[in-house]
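# Per-entry structural report
Take a look at the letters that make up each chain.
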Amino acid sequence: MSSPFTILAPQNIDSEKAEDLSSSLSIPRFMADFLLLRGLDSVQSARDFLEPPDSHYLNPWDMKDMDAAVKTVLSWRATSTNVCIFGDYDLDGISSVALLLLALRNATGWDLQWYLPSRFEDGYGLTVGLVEKLHEQGMQRLIMVDTGITAVKEVARANELGMEVVILDHHRPSDTLPDAAAVVDPWREDCNYFNKSLSAVGVALKFIQALYEKIDLGGVESYLELVCLGTLSDIMPLEPENRYILHRGMKTMHQSDLAGVRTLAKTTGESQGCVRSQDVLFRIAPLMNAPGRLHHPENALRLLLSDSEREAEHYLHKLQQDNEKRRSIEATITTQAAAQAQKKTDDVVMVVYGSKWHIGVLGIVASKLVQQFYRPVAVITDGDDGWAQASVRGVDGFNWHEALQDHKEYFGRWGGHAAAAGFSVRNQDIPLLTDLFAQSAHKQGFKVDKDVFNTVQASVEISLADLNAETLEQICALEPFGKENDAPLFLSRNLRVVNAVREVRGGHLQFEVAAQEKGENFSAIAFGMGKHIKWLRENSSDFDMIFEPSWNVFNNRKKIQLQVRAMGRVQCK
């Protein structure tokens, strides 16, 4: 049986440069190799990567309309009008609303209102109906965050009703901007702000940074931890400014002034130390997104706004219950969707549809199908009102935002990024989508290449005998990891399985692995690789493996665990 993955050895590194970096920065050779792989070939650039300088924290006033946004919001301070913060139901939107509520209350003492839409009752973003609803509730001023950049007719209706609107968004605009008092978005064509990769909560932070400067109030750094949550969960590229924010914010989560952040940090299993990128992505984000997927995101926001850890733990318990329900629902729909997708393997963009599927998990199901079938996926379910809802996930080389833009006349509402988006479509138009998206794939020059997904290249080669707690601390110094700064992948050769290979719930493999020579046994987990169990059992006495080492904390016991990325044989030296 052929290897399930094509394993490539690490790229050749300039040994002289690597030794120079290692010596100058007093770091181990594997860290120097990793930095060179990132293109950091000078001591200064490597030092700036390991300890981002303050110069990476950019001037907020360089963002188009920032001055108008600050002046508008400060002008509200002189009136007794009701101000509402309107956000989104995912972690980036929730953390954005939390940051604005906390920071503006601190600066002004306002009794601010907030509104997080329900994906079931309200759908995505602001609607004319919601504008009118908020107006009826007495809201006269509106700050929209993580949404609004395409809300042209909605803002026009707000203006008709005498409401004043400020937009803080990070999505790409359409041809026309809303006629708001201020529209702050780094993706505006006329915006020269260097960092286009801010999350919504990152844009909110820059607004607060500018406002605090205007009124000579310090303390904006205390909100960096909230920006970490949204930046990582929205998988934003780790541009220098994003890296600066994450590098500082993740270090202080366990000691945060915010009880909700401290409580979330505890869910990582660590009682102290740096919260890692993976902790946010795979522990915190699923918890915080769970209530919004099932009913309403309110409890996630209330956790972040909690005044005490006791209050935060109350909401955390509710989130944990929701997350268990979400997992069960997701597993059922994934099985149904995968069975349907198996019959569509000739489609360059895969569209699957199910009646009455739970819309809150469509995005997760799409992500799982992308991993299994190596192509862009749209997961759709119908609606009683004649409109179906869809979540889409993509792969490198295919831009969902462009694909939806190509055929926007078919969609009631749509929005998102290149890799992840959503839309609504008339039920009767669902059969057209496969061909429409195939046209976009052809236009973009995208072709399915399974080998790209099955080929994994290691960053560094290491013997398991040299893997220890010190190694993991050195890896932590390279954090934060994320888009455009992936964690280092380690290659170890000639390994053997110790004891039995087990397949556990979710299609994951668990086993213990060791080098051929005597040495420590390491626990290994291969997420989503249940289909490779036969190969591993047949080759358990001698195989090569690419993995990420990490800490696994269970019952207050801390052990190194290897997260398997590929198994097979190295194809080149």
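See the structure above.
The following paragraphs examine the structure supplied in this document.

Quick notes on the rules
- Every chain is numbered independently, its residues counted from 1 as its sequence is written.
- Residues qualify for local features only when their pLDDT is at least 70, as the model is predicted, and side-chain atom pairs are given and counted only at 80 or more; totals for whole chains, interfaces and linings, by contrast, use all residues.
- With hydrogens and water excluded, all non-hydrogen atoms of the structure serve as input to the side-chain values.
- Secondary structure elements are defined from DSSP: runs of H or I of at least 4 residues count as helices, runs of E of at least 2 residues count as strands, and each element is numbered from the N terminus.
- Restricting the calculation to C-alpha atoms gives the radius of gyration, and the globule rule supplies 2.2 Å times the number of residues raised to the power 0.38.
- For every residue, the accessible area obtained with a 1.4 Å probe (protein chains only) is divided by the maximum for its type, and the residue is called buried under 20%, exposed over 50%, and partly exposed between those limits.
- Contact between two residues is taken to exist if any of their heavy atoms lie within 4.5 Å; hydrogens are not considered.
- Residue-level accessible areas treat just the shown protein chains as cover; the underlying method is Shrake-Rupley with a 1.4 Å probe.
- By the counting rule applied here, Lys and Arg register as positive and Asp and Glu as negative, while His and the ends of each chain are not counted.
- The location of each charge is read from NZ of Lys, CZ of Arg, CG of Asp or CD of Glu.
- Only the contacting stretch of a helix is used when fitting its axis, a line to C-alpha atoms as for every element, and angles between N-to-C directions run 0 to 180 degrees.
- Note that the term roughly parallel is reserved for angles under 35 degrees, roughly antiparallel for angles over 145, roughly perpendicular for angles of 65 to 115, and oblique for everything else.
- For a crossing to be left-handed, the near helix must be turned anticlockwise from the far one by less than a right angle; the clockwise case is right-handed.
- Here a cavity is any set of points on a 1 Å grid over the protein atoms alone where a 1.4 Å probe fits but cannot get out, and a pocket is any open set with protein on both sides within 12 Å along at least 5 of 7 lines; a residue lines the site when it has an atom within 4 Å of a point.
- Grid points are joined across faces, edges and corners, and a volume is the space filled by probe spheres set on the points.
- Only Asp, Glu, Lys and Arg are considered charged, only Ala, Val, Leu, Ile, Met, Phe, Trp, Tyr, Cys and Pro nonpolar, and every remaining residue, Gly among them, polar.
- Any Phe, Tyr or Trp ring, taking Trp's six-membered ring, that has another such ring centre within 6.5 Å forms a pair; planes under 30 degrees apart are called stacked, those over 60 apart edge-to-face, and the others tilted.
- Pairing between two strands is assigned when DSSP locates at least 2 bridges connecting them.
- Salt-bridge detection follows one rule: a side-chain nitrogen of Lys or Arg within 4 Å of a carboxyl oxygen of Asp or Glu.

## Section: the overall build of the protein chain
When its secondary structure is counted, the protein chain shows 20 helices and 18 strands. A globule of 573 residues ought to have a C-alpha radius of gyration of about 25 Å, and the protein chain, at 24 Å, matches this closely. Reported as C-alpha extents along the three principal axes, the dimensions of the protein chain are approximately 75 × 55 × 45 Å. The 573 residues of the protein chain split such that 54% are buried. Looking at the protein chain alone, contacts between residues at least 24 apart form 67% of all its contacts between residues at least 6 apart. Element-wise, carbon and sulfur atoms account for 45% of the exposed surface of the protein chain, whose accessible area totals about 24,900 Å². Computed over 59 positive and 76 negative side-chain charges, the separation of the two mean positions in the protein chain equals 5 Å.

## Observations regarding the packing of helix α5 (residues 91–108) against helix α9 (residues 224–233)
Two elements in contact, α5 and α9, have axes whose closest approach is 8 Å; the angle formed by their N-to-C orientations is 160 degrees. Comparing the axis directions of α5 and α9 gives the class roughly antiparallel. For the crossing formed where α5 meets α9, the hand is left-handed. Of the residues in α9, those in contact with Leu91, Asp92, Ser95, Ala98, Leu99 and Leu102 of α5 are Leu226, Val227, Leu229, Gly230 and Ser233.

## Re the layout of surface pockets
Approximately 610 Å³ is the volume found for the second largest pocket. Residues of the lining of the second largest pocket, tallied by class, amount to seven nonpolar, twelve polar and seven charged.

## Considering the packing of aromatic side chains
Across all of its chains, the model carries eleven aromatic pairs by this definition. With a centroid separation of 5.7 Å and an interplanar angle of 0 degrees, the aromatic rings of phenylalanine 86 and tyrosine 115 are classed as stacked. Residue phenylalanine 86 is found in strand β2 (residues 83–86), and its partner tyrosine 115 is found in strand β3 (residues 113–115); the two are separated by 29 residues along the sequence. Each member of the pair, phenylalanine 86 together with tyrosine 115, is buried.

## Regarding the packing of helix α2 (residues 29–37) against helix α3 (residues 43–50)
Axis separation between α2 and α3 bottoms out at 11 Å; the angle between their running directions is 100 degrees. In terms of axis orientation, α2 runs roughly perpendicular to α3. Contacts between α2 and α3 pair Met31, Phe34 and Leu35 from the former with Ala46, Phe49 and Leu50 from the latter. Class assignment for the residues of the contact of α2 with α3 results in six nonpolar, no polar and no charged.

## Quick word on the sheet that holds strand β8 (residues 377–381)
Spatially, β7-β8-β9-β11-β10 is the arrangement adopted by the five strands of the open sheet, whose pairing is mixed. What marks the edges here is a single partner per strand, and that holds for β7 (350–354) and β10 (411–416). Between one strand axis and the next, the sheet turns through 15 degrees on average, direction left out of account. Here strand β9 (residues 387–393) runs beside strand β11 (residues 420–426); their pairing, made up of seven bridges, is antiparallel. Within β11, the residue paired with arginine 393 across the bridge is alanine 420.

## Topic: the pattern of salt bridges
Oppositely charged side chains may form a pair once their charged atoms are brought near each other. Applying the stated criterion across every chain, the model contains 24 salt bridges. Linking aspartate 279 and arginine 276 is a salt bridge whose minimum nitrogen-to-oxygen distance equals 3.2 Å. Residue classification places aspartate 279 among the buried positions, given a relative accessible area of 4%. For arginine 276, a relative accessible area of 19% puts it in the buried group. Where glutamate 330 meets lysine 368, a salt bridge forms, and the shortest distance between an N and an O atom there is 3.5 Å. Remark: lysine 368 occurs in helix α15 (residues 362–373) and glutamate 330 occurs in helix α14 (residues 309–341); sequence separation between them is 38 residues. Of the residues examined, glutamate 330 reaches a relative accessible area of 7% and is grouped as buried.

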